[in-house]
Amino acid sequence: MTQPPPSAAVEASPAAPGTRGDAATHVAAGVVTALVGFTSAFAVVLNGLRAVGASPAQAASGLLAVTLAMGAATVLLAWRTRLPITVAWSTPGAALLATTGAAAGGWAQAVAGFVLCGVLLAAVGLWRRLEGWVRLIPVPLANAMLAGVLVELCLGPVRAVVDRPLLVGPVVLVWLVLLRVAPRWATPAAMALAVAIAVASPEVRALAPADLLPSLTWTTPEPSWSAVVSVAVPLFVVTMASQNIPGLAVLSGFGYAAPLRPVMLVTGLGTVLAAPLGGHAINLAAISAALAAGPEGGPDPSRRWRAAVVAGGGYLVLGAGSAAVAAVALAAPAGLVVAAAGLALVGTMASALGGAFGPAGHREAAAVTFLVTVSGVSVGGVSAAFWGLVAGLVVHAVLRAGRR
């Protein structure tokens, strides 16, 4: 495994052979990273924000805020560390929100949950013991909770095809074909086709030009117990277990040791700042991280951080157009964007199911976590995802004690 040299050595040789030729590779890799990262999951983010009580304007503001936050965080971390660190929004977190339902106190309480999630993320950077506590949660249980959250969303394309086959069928077909010949572009292409079909609809053509302009909407957070246990804690757990920890592993696989403290402080602070504007959470990129950190980011591992910087700049540019994307997606015919969002999560659900039920020692506890989460039960205003994780941990503890 190739270990990148220290940044000082990189900076000492700016005229190294191939540097100019690599620039085009860095730009291409960065642009692809930004496009894939944004187009593959923006509908999931909008769906999640709407589910916890955001109005269309607040959801559009949230998409803009979280896109700008992850762009700025990517540029800052890649530039300062000279490592190809890319930041993304929490797609599993957005999927979690889509099944959580509106908080008892409305959107303002959900925003308070986003803020607290950011505080917890930053606390991992300041207090390493918190990271240790998160790692005590068995990975199969975290995967089972995530899989349970995603089931309902991944059923969206199935139901939509039955209800509106002529509208949704082409989107599913494009996704399937590209999944075979160009897997990376399957979800972005499906999203692009869904948006194109939406643009042709009367609902979208009726949008006023002002609806397409970027706008940020402030919401004052209203902390509550429900916001803590239904939004903040599950959002933090799923973001750490499904994004940050795998993101570190992806970077490590390419020979990069990402410094945890600055990564968690930057993403945690970015989440806190974006939350009152509707942004739910940002974290280390996992799947898309390989686009900048891998060979496609350039032949010289010590210079791939430049591809990450370009990706961050790409997110900032995409943020400027996110209001128009959000307006079109929210005004689209029923089922169209939901179907595209479900297709975007099929791969994630498959990975989560594999991780949940692969290890033999955790299958019963993972099954309980999965079933309780899928049930959608809400006790005391607390979402099923939280209770699913609690139930799984109880079963895990009981079985572990019985095997001693």
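Quick note: structure is the one above.
Residues numbered from 1 in each chain as written. Predicted model: local features only at pLDDT ≥ 70, side-chain atom pairs only at ≥ 80, totals over all residues. Heavy atoms only, no water.

1. Some thoughts on the overall build of the chain
In step 1: Of the regular secondary structure elements, the chain holds 19 helices and 2 strands.
In step 2: The C-alpha radius of gyration of the chain comes to 21 Å, within 12% of the 22 Å expected for a compact globule of 404 residues.
In step 3: Taken along its principal axes, the extent of the C-alpha atoms in the chain is 65 × 60 × 45 Å.
In step 4: Looking at the chain as a whole, 51% of its 404 residues are labelled buried.
In step 5: When contacts within the chain are restricted to residue pairs at least 6 apart in sequence, those whose partners lie at least 24 apart make up 84%.
In step 6: Just so you have it, the chain exposes about 16400 Å², and 70% of that area is on carbon and sulfur atoms.
In step 7: Here the chain contributes 20 positively and 11 negatively charged side chains, and the mean placements of these two sets differ by 9 Å. (Helix = DSSP H or I, 4+ residues; strand = E, 2+ residues; numbered from the N terminus. Rg over C-alpha atoms; globule rule 2.2 N^0.38 Å. Buried < 20%, exposed > 50% of the residue type's maximum accessible area, 1.4 Å probe, protein only. Contact = heavy atoms within 4.5 Å. Areas by Shrake-Rupley, 256 points an atom, 1.4 Å probe, with all protein chains shown as cover. Lys, Arg positive; Asp, Glu negative; His and termini not counted. Charge placed at Lys NZ, Arg CZ, Asp CG, Glu CD.)

2. Thoughts on the packing of helix 5 (residues 91-100) against helix 13 (residues 225-253)
Two quantities define a packed helix pair, namely the angle between the helix axes and the distance between the axes.
In step 1: The N-to-C vectors of helix 5 and helix 13 enclose an angle of 145 degrees; their axes lie 8 Å apart at closest approach. The interaxial crossing formed by helix 5 with helix 13 has right-handed handedness. Every residue of helix 13 that contacts helix 5 at Thr91, Pro92, Gly93, Leu96, Leu97 and Thr100 is listed here: Ser230, Val231, Pro234, Leu235, Val238, Ser242 and Gln243.
In step 2: For the contact of helix 5 with helix 13, the per-class residue count stands at 7 nonpolar, 6 polar and no charged. (Axes fitted to C-alpha atoms, helices over the stretch in contact; angles between N-to-C directions. Left-handed = near helix turned anticlockwise from the far one by under 90°. Nonpolar A, V, L, I, M, F, W, Y, C, P; charged D, E, K, R; others polar.)

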